Amino acid sequence: MAMQSSFDPQAFRTALGTFTTGVTIITTQAEDGSPIGITANSFNSVSLNPPLVLWSLAKSARSLPVFSSGKHWNVHVLSTEQEPLSGRFAMQGENKFAEIELDSGISEAPLLQDCTARFQCRTAFQYEGGDHVIFVGEVLAFDHSDRAPLAFQSGQYALATRKPRSELRLATTPPPPECSYTEDLLGYLLGRAHYQLLDALHRLLSNQQLDEHAFFILSVLCIRDNMSLDEINTFVSYTGHEVSVASMRFLEKQNLVALEGSTHEPRYVLTATGREASLQQLALAKAVEENVSAKLGPGDAQALKVLLKRLISASDPGLPDLWAPR
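Scoring rules and cut-offs
- Residues numbered from 1 in each chain as written.
- Predicted model: local features only at pLDDT ≥ 70, side-chain atom pairs only at ≥ 80, totals over all residues.
- Heavy atoms only, no water.
- UniProt positions renumbered as here; feature names shortened; annotations may be inferred.
- Helix = DSSP H or I, 4+ residues; strand = E, 2+ residues; numbered from the N terminus.
- Rg over C-alpha atoms; globule rule 2.2 N^0.38 Å.
- Buried < 20%, exposed > 50% of the residue type's maximum accessible area, 1.4 Å probe, protein only.
- Contact = heavy atoms within 4.5 Å.
- Areas by Shrake-Rupley, 256 points an atom, 1.4 Å probe, with all protein chains shown as cover.
- Pairing = 2+ DSSP bridges.
- Axes fitted to C-alpha atoms, helices over the stretch in contact; angles between N-to-C directions.
- Parallel < 35°, antiparallel > 145°, perpendicular 65-115°, else oblique.
- Left-handed = near helix turned anticlockwise from the far one by under 90°.
- Nonpolar A, V, L, I, M, F, W, Y, C, P; charged D, E, K, R; others polar.
- Arc of directions from axis to C-beta.
- Phe/Tyr/Trp six-rings, centres within 6.5 Å; stacked < 30°, edge-to-face > 60°.

- Going by what an unreviewed UniProt entry lists, the protein is known as Peptidase and is assigned to Pseudomonas versuta.
- Quoted verbatim from the Sequence similarities (unreviewed entry) heading of the UniProt record, the comment on the protein is "Belongs to the non-flavoprotein flavin reductase family."

Here's what the structure looks like:
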């Protein structure tokens, strides 16, 4: 670890940024009745008895006089869904509260909805803190939800995921020393998770007499209709299955797809029955996802999706964008 021989304010700021925090919006009401709100990640707890919290505001902030003279303010711990709200309140502007529904609180300070937690406070103390003013508030009321909290780390938003205190192991016994194939191999974890989810979906699809291969084909045509066999394979071949003419004939006989165009350049479109079947399949896939997400928790489920998207982007061999306009 490199140590700073001389004090560098920017390096100090970068070092502080490595400390992961939550993201909050602090609100109050000005004397003229106008709502005031700012984004802050300096929020922290102080005491349980009495219940005290603190946060700090730069002396250069335009809202400092309002918070300094006001008696009440509310702290909103933002959920992951409120990232746009964080950006809005981090900017200067007069319309931060436009089209935002508020709850009624114990004071006139605005009380935002859909947060991970909310603390309604009365100013207890104010302290000089260098280029900031530190506000200590007595918590008069609070509430919280199971919404996943929004985090901030090294200058960008982050997602918090739960990690067990003890090591999480899938196998009950460790592999023999001569075996280098362990359960921590990323390919094994991804493959097992994929096939376990696919197995759950396959059992639901069996009631419709359609397998997961047909599910992929109908899903592609539901997103982008009127494609040739080669075009369909462009979007499906990464699954390890090749769509054949026989596969499409089977779906034709089921009245799920229809042929259009010339015999030399046939193109496939979904029928009304096929689109309804695809939407039913999608509902089954979402049911599997919702079941798993409920076990993981909303925060971990969202973090997993972000990591998977990053992995897909990092390993993408150049697959075309299925949702891109033609």
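### Considerations on the overall build of the protein
Point 1. Regarding its fold elements, the protein presents nine helices and 14 strands.
Point 2. Compactness check: the protein gives a C-alpha radius of gyration of 27 Å against a globular reference of 20 Å for 326 residues, more than 25% above the reference.
Point 3. The dimensions of the protein, computed from C-alpha atoms along their principal axes, are 80 × 60 × 40 Å.
Point 4. When each of the 326 residues of the protein is scored for burial, the buried share is 30%.
Point 5. Residue pairs at least 24 apart in sequence account for 62% of intrachain contacts in the protein once pairs closer than 6 positions are excluded.
Point 6. Carbon and sulfur atoms make up 55% of the accessible area of the protein, which totals about 21,200 Å².

### Considerations on the pairing of strand β10 (residues 132-144)
Each regular strand shows side chains that alternate between the opposite faces of the sheet.
Point 1. The pairing of strand β5 (residues 52-58) with β10 spans seven bridges and is antiparallel. Each residue of the ladder has a partner; that of S56, found in β10, is I134.
Point 2. In this structure, strand β9 (residues 117-129) lies alongside β10, joined through 12 bridges in antiparallel fashion. The residue of β10 that forms the bridge with F125 is V136.
Point 3. The hairpin turn running from β9 into β10, its antiparallel successor, is two residues long, and G130 in that turn takes a positive phi close to 65°.

### Description of the packing of helix α5 (residues 212-223) against helix α8 (residues 272-296)
Any two packed helices are characterised by how steeply their axes cross, that is the angle between the axes, and by the distance between the axes.
Point 1. At their nearest, the axes of α5 and α8 sit 9 Å apart, and the two run at 115° to each other. The angle between α5 and α8 places the two elements in the roughly perpendicular class. As α5 runs across α8, the sense of the crossing is left-handed. Taken together, the residues of α8 that come into contact with α5 (itself represented by A214, F215, L218, S219, L221 and C222) are R275, A277, S278, L279, Q281, L282 and A285.
Point 2. When grouped by side-chain class, the residues that make up the contact of α5 with α8 number nine nonpolar, three polar and one charged.

### A short note on helix α7 (residues 245-253)
Point 1. Among all positions of α7, only S247, M248 and L251 are buried. Angular distribution of buried residues about the axis of α7 spans 95°; they occupy a single face of the element. For α7, the exposed residues set more than 90 degrees away from the buried face come down to A246, R249 and K253.
Point 2. At its buried positions, α7 is contacted by α5, α6 (229-236), β13 (257-260) and β14 (267-270).
Point 3. Following α7 by one or two positions, N255 adopts a phi angle in the positive range, close to 60°.

### Digging into the sheet that holds β10
Point 1. One open sheet accounts for seven strands, arranged β3-β2-β6-β9-β10-β5-β4; its pairing is antiparallel. Because the sheet does not close on itself, it has two edges, and the strands there are β3 (35-40) and β4 (44-47). This sheet shows a mean twist of 35° between the axes of neighbouring strands, independent of strand direction.
Point 2. Of the pairings in the sheet, the one linking strand β6 (residues 72-77) to β9 comprises six bridges and is antiparallel in character. From the neighbouring strand, N74 faces β9, where its bridge partner is Q120.

### Thoughts on the packing of aromatic side chains
Point 1. Tallying each qualifying case throughout the model produces 11 aromatic pairs.
Point 2. The interplanar angle of 25° and the centroid separation of 6.0 Å between the aromatic rings of F125 and Y127 together place this pair among those described as stacked.
Point 3. F125 sits in the partly exposed class, given a relative accessible area of 41%.
Point 4. By way of ring pairs, the aromatic residues W55, F67, W73 and F135 are connected into one cluster.

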